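In case you want the letters, here they are:
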Amino acid sequence: MKRIAVLGSTGSIGTQTLDIVRRHPDMFCIEVLVAGSNSELLIKQALEFNPNTVVIADSSKYKEVADALQSKDIKVFSGQESVNHINDAADYDLMVQAIVGFSGFEPTYRTILAKKPIALANKESLVVGGRMIMQLAADNHVPILPVDSEHSAIFQCLQGEHYNKISRILLTASGGPFRGKNPDFMETVTPEMALKHPTWKMGNKITIDSATLMNKGFEIIEAVLLFNVDVQQVEPVINPQSVIHSMVEFEDGSIKAQMGYPTMTIPIQYAMTYPLRYPTLLKKFDFADYPALSFEKIDTDTFRCVNLAKEAINIGGSMTAVLNAANEVAVYAFLNRKIRFTDIPRIIAKAMNEHNTISNPTFEDLISVDAQTREKYSIK
Ligand code: NDP
Ligand code: MG
């Protein structure tokens, strides 16, 4: 029985993780549930899965959650500090880290220090922490199992290839809702338009990141860090059908791809059962559904965020934390209708230009760079 801690249990990845646990009760049990502010769903999940520990980041919801779980033998905590220090309060075998945004950084950092394996959906942890977080994971022998579908695909393609060098990673992208549009069109994009993703159903923040293609930029950084390759070796490729989840090219020119319907069930479950594969209830793939697969290059003049992300990881150090913080501030300002869609890359570029990079930042440096960037570029 693997004891699972789900961080971000009320979100898109979190609820899909619980679906997998529900389907394999002989394999997994839930030890910890952590949510932001959705007390109603968190209570429901706790009553169903009977974890040892529950944390709600929003302290104003503590009483409601504690009262509802009073008759159960469940420890209830609240506040961001409790989320960050979850490893002091609970024991488990695998963390599924599915908090959204920078709030996931400290829990990831402390989980690595606690030497617990992590199935990582919160890509912002890697973007913020950069090489520091990977070094820490290596020093502590902590496996980071990718949940992001592209990185799961790459990870799957690399199985059995231990002695072989990666020549290129072909990182696939759906292209998002504005594929093929020009810069003028982008000036007219509203939150409603950007929240309609053609192939994936996800939380709001990553859906906007997918519309600007910052999500692909983050994923390039994620691939560089997880698979120890140069930025030039990671080539984004648009596959609008989202059927090829990514590919790896080896030195002999051979390319391996991982394919399937667009679903997060497989990548989440693979990270949870690795190195084994377990059955799913997914419909068997029918090639007749996809008589043609197509591929395109990304238009980086229209989707500026991709090159901003590449620049940030090339500079390295604290620059990727600035990229993440400026993006987060800009995305929420856009969702709150304070700025235009095209202001998102403008704000990020400005923040990056004005930053003096710390080349080997500590955890504390990254926390303070994040706070300073948010303070300086948030739209009041
Ligand atoms: P959602 O917005 O759907 O869910 C986010 C989760 O994080 C919710 O449970 C939310 O709680 C919780 N949360 C937010 N802030 C805090 C906090 N301060 N402390 C504790 N919990 C918090 O996001 P997704 O599930 O879509 O994405 C989660 C992560 O996975 C992101 O980093 C994303 O980039 C990544 N990812 C997602 C994919 C997807 O298909 N959705 C695919 C690949 C990666 P509450 O709702 O209670 O406020
Ligand atoms: Mg992805």
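**Some thoughts on the site of ligand 1**
Contacts to ligand 1 come from 26 residues, most closely from Thr10, Gly36, Asn38, Gln80 and Glu124. A distance of 2.9 Å separates an oxygen atom of ligand 1 from a polar backbone atom of Ser12. Expressed as a share of its isolated accessible area of 890 Å², the protein-covered part of ligand 1 is 86%. At the level of secondary structure, the elements contributing two or more residues to the shell around ligand 1 comprise α1 (12–23), β2 (28–35) and α7 (123–139). Of the residues assigned to the shell around ligand 1, the class counts are 11 nonpolar, 12 polar and three charged.

**Section: the sheet that holds strand β4 (residues 75–78)**
Adjacent strands of a sheet form backbone hydrogen bonds with each other and so pair up, either parallel or antiparallel. Reading across from one edge, β4-β3-β2-β1-β5-β6-β7 is the order of the seven strands in this open sheet, with parallel pairing throughout. Where the open sheet ends on each side, the last strands, each with one partner, are β4 and β7 (144–146). Direction aside, the axes of adjacent strands within the sheet are offset by 20° on average. Inspection of the sheet shows strand β6 (residues 118–120) paired to β7 by three bridges, in the parallel sense. Its bridge partner lying in β7, Ile118 is registered against Ile144.

**Observations regarding the packing of helix α6 (residues 105–113) against helix α17 (residues 363–377)**
When two helices pack together, you describe them by how their axes are tilted relative to each other and by the distance separating the axes. With their axes 12 Å apart at the nearest point, α6 and α17 run at an angle of 175° to one another. By the angle between their directions, the pair α6 and α17 is classed as roughly antiparallel. Between α6, through Phe105, Glu106, Tyr109 and Arg110, and α17, the contact on the second element is made entirely by Phe363, Leu366 and Ile367.

**Quick word on the nonpolar core**
Ile169, Phe227, Met272, Leu323, Phe341 and Ile348 are the most contacted members of the largest nonpolar core, which has 112 residues in total. Ranked by residues supplied to this core, first place goes to helix α15 (residues 319–335) with 10 residues. When sequence neighbours within four positions are dropped, the list of residues in contact with Leu323 reads Val127, Met214, Phe218, Ile221, Leu308, Ala309, Ala312, Ile348 and Met352.

The rules we used
Residue positions are given per chain, counting from 1 as you read along its sequence in written order. As a convention, the first chain written is A and the first ligand written is 1, with the rest following in written order. Local features are withheld for residues below a pLDDT of 70 in this predicted model, meaning they are given only at 70 or higher, and side-chain atom pairs are given and counted only at 80 or more; totals for whole chains, interfaces and linings count all residues. Side-chain metrics in this entry use all non-hydrogen atoms of the structure; hydrogen atoms and water are not considered. Here a residue is near a molecule or strand as soon as one of its heavy atoms is found within 4 Å of it. Throughout this description, a polar contact denotes any pair of N or O atoms lying within 3.5 Å of each other; where both atoms belong to protein, one of them has to be capable of donating a hydrogen while the other can accept it, and for residues adjacent in sequence the pair is counted only when both atoms sit in side chains. Computed by Shrake-Rupley with a 1.4 Å probe, the accessible areas treat only the displayed protein chains as cover when residues are assessed. Secondary structure elements follow DSSP: runs of H or I of four or more residues count as helices, runs of E of two or more count as strands, with numbering from the N terminus. Side-chain classes are defined by residue name, with Ala, Val, Leu, Ile, Met, Phe, Trp, Tyr, Cys and Pro counting as nonpolar, Asp, Glu, Lys and Arg as charged, and the others, Gly among them, as polar. Paired strands, as defined in this entry, are two strands with at least two bridges between them according to DSSP. Note on definitions: angles span 0 to 180 degrees between N-to-C directions of axes, and those axes are lines fitted to C-alpha atoms, for helices only across the stretch in contact. Working rule for angles: under 35 degrees goes down as roughly parallel, over 145 as roughly antiparallel, 65 to 115 as roughly perpendicular, anything else as oblique. Any two residues whose heavy atoms approach within 4.5 Å at even a single point are treated as in contact. Buried residues of nine kinds, namely Ala, Val, Leu, Ile, Met, Phe, Trp, Tyr and Cys, make up a nonpolar core once their side-chain atoms join them within 4.5 Å. For every residue, the accessible area (1.4 Å probe, protein chains only) is compared with the maximum for its type, and the residue is labelled buried under 20%, exposed over 50%, or partly exposed between those bounds.

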